[in-house]
Amino acid sequence: CCPNSPGISVGGDAALLTEHRLALQNLNSGQAYYYAVESNGLAENSNGEFYSFTTLAADTTAPEIQVTFPTRLAGSQLAINGSTEALAAVSLFVNETLAAFISADVEGNFLFSSVVLREEALNSLRLEAKDAAGNTATVAGQVYADTRRPTLELQAIPELIEDRSFTLRGTI
């Protein structure tokens with residue numbers, strides 16, 4: 001229709017071809033576009049109706065993040081796996097510091113295999129997923145990293161017990 005329109009380029013090849021490709025740029029999302037085809041002086045416009053296509057609407061939906069954080073951890077290293085939108089960028093923050101950054105795979109799965117936490121402390125964890133359209137989702141949790149072994153303190157045991165039973169008392 002309009003060879004001088006912005007974003008439309010017209011070019012040719014002297015060789016006879018039966019297949020052509022034209023890259024269109026700067027299209028608006030959710031908009032219908034109409035076109036006709038002309039080759040070697042023959043025009044085809046679908047009987048005056050013109051051919052058409054509609055671009056997809058803009059992605060405004062934030063990716064969902066599926067993950068579970070334990071409340072307590074024996075030790076100070078944790079593996080975090082979960083899922084989100086395919087190929088989304090996933091950032092892990094530990095105590096408000098960026099600890100790692102990965103991309104979810106084509107099925108949306110991700111794994112942070114060796115997350116180091118502060119020992120004997122309640123650690124804040126936050127995951128942020130950002131999809132290709134720039135939509136962002138966040139999920140947060142807290143994990144206590146318990147690295148101390150329990151100690152057992154027993155009350156004094158008498159050297160001689162006269163009864164047939166005895167109550168042993170202690171604290172952990």
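That block above? That's the structure.
Residues numbered from 1 in each chain as written. Predicted model: local features only at pLDDT ≥ 70, side-chain atom pairs only at ≥ 80, totals over all residues. Heavy atoms only, no water.

Asks: Looking at this structure, I do not really get the sheet that holds strand β12 (residues 136–146). What am I missing?
Replies: The strand order β6-β12-β11-β8-β9 describes an open sheet built from 5 strands, whose pairing is mixed. A single partner strand is all that each edge strand has here, and the edge strands are β6 (72–74) and β9 (97–103). Adjacent strand axes in the sheet meet at a mean angle of 30°, parallel and antiparallel pairs treated alike. In this sheet, β9 lies alongside strand β8 (residues 89–94) in antiparallel orientation, the contact comprising 6 bridges. Following the sheet pairing, leucine 92 is matched in β9 by alanine 100. (Pairing = 2+ DSSP bridges. Helix = DSSP H or I, 4+ residues; strand = E, 2+ residues; numbered from the N terminus. Axes fitted to C-alpha atoms, helices over the stretch in contact; angles between N-to-C directions.)

Asks: Mind showing me how you'd approach the environment of alanine 79 here?
Replies: Structurally, the position occupied by alanine 79 is in strand β7 (residues 77–83). Each C-alpha atom, one on alanine 79 and one on glutamine 31, is 44 Å from the other, the two residues being 48 residues apart in sequence. The contacts of alanine 79, once residues within four sequence positions are left out, are Leu111, Phe112 and Ser113. (Contact = heavy atoms within 4.5 Å.)

Asks: How should the side chain of asparagine 123 be read in this particular structure?
Replies: Position of asparagine 123 among the secondary structure elements: in strand β11 (residues 121–130). Residue class for asparagine 123 comes out buried when judged on its relative accessible area of 0%. At a separation of 2.9 Å, a polar atom in the side chain of asparagine 123 contacts the side chain of asparagine 95. A polar side-chain atom of asparagine 123 sits 3.0 Å from the main-chain carbonyl oxygen of alanine 121. Among all residues touching asparagine 123, those that are not within four sequence positions of it are Asn95, Leu117, Arg118, Gly141, Gln142, Val143 and Ala145. (Buried < 20%, exposed > 50% of the residue type's maximum accessible area, 1.4 Å probe, protein only. Polar contact = N/O pair within 3.5 Å; in protein donor to acceptor, adjacent residues only side chain to side chain.)

Asks: What is the right way to read the environment of leucine 56 from this model?
Replies: Along the chain, leucine 56 turns up in the loop between β4 (51–54) and β5 (66–67). Counting along the chain gives 25 residues from leucine 56 to glutamine 31, while the straight-line C-alpha distance between them is 7.7 Å. In this structure leucine 56 touches Ser29 and Gly30, once residues within four positions along its chain are discounted.

Asks: I would appreciate a short explanation of the side chain of serine 76 in the present structure.
Replies: Looking at the element boundaries, serine 76 is found in the loop between β6 and β7. The residues contacting serine 76, other than those within four sequence positions of it, are Val115, Val116, Leu117, Glu119, Ala145 and Thr147.

Asks: What am I meant to see in the sheet that holds β7 here?
Replies: Note on sheets: strands pair through backbone hydrogen bonds, and any given pair is parallel or antiparallel. Here we have 3 strands laid out as an open sheet, ordered β5-β7-β10, and antiparallel in their pairing. Edge positions in the sheet fall to β5 and β10 (109–116), since each has one partner strand and no second. Strand direction decides the pairing type here: β7 and β10, joined by 6 bridges, are antiparallel. Counted as the bridge partner of leucine 78 is valine 115 from β10.

Asks: When you look at the pattern of salt bridges in this model, what are you seeing that I'm missing?
Replies: Opposite charge on two side chains makes pairing possible when the charged atoms of those side chains draw close. All chains considered together, the criterion is met by 3 salt bridges. We note a salt bridge from arginine 126 to glutamate 128, for which the minimum N-O separation is 3.1 Å. Sharing partners across several salt bridges, the network here consists of Glu96, Arg126 and Glu128. (Salt bridge = Lys/Arg side-chain N within 4 Å of Asp/Glu carboxyl O.)

Asks: I would appreciate a short explanation of the packing of aromatic side chains in the present structure.
Replies: What describes a pair of aromatic rings is the distance from one ring centre to the other and the angle between the planes of the rings. The full count for this structure, using the stated rule, is 4 aromatic pairs. With centroids separated by 5.5 Å and ring planes inclined at 20°, the aromatic side chains of tyrosine 33 and phenylalanine 53 adopt a geometry described as stacked. Linking tyrosine 33 in strand β1 (residues 32–35) with phenylalanine 53 in strand β4, this pair joins segments that are 20 residues apart in sequence. Aromatic side chains tyrosine 35 and tyrosine 51 sit 5.5 Å apart centroid to centroid with 25° between the ring planes, which places their arrangement in the stacked category. Here the residue tyrosine 35 occupies a position in strand β1, and tyrosine 51 occupies one in strand β4, the gap between them amounting to 16 residues. Relative accessible area serves as the criterion here: at 36%, tyrosine 35 is assigned to the partly exposed category. Grouped by ring-pair contacts, the aromatic residues Tyr33, Tyr35, Tyr51 and Phe53 constitute a single cluster. Over the ring of phenylalanine 93 we find arginine 126; its NZ or CZ atom is 4.0 Å from the centre of that ring. (Phe/Tyr/Trp six-rings, centres within 6.5 Å; stacked < 30°, edge-to-face > 60°. Lys NZ or Arg CZ within 6 Å of the ring centre and 35° of its normal.)

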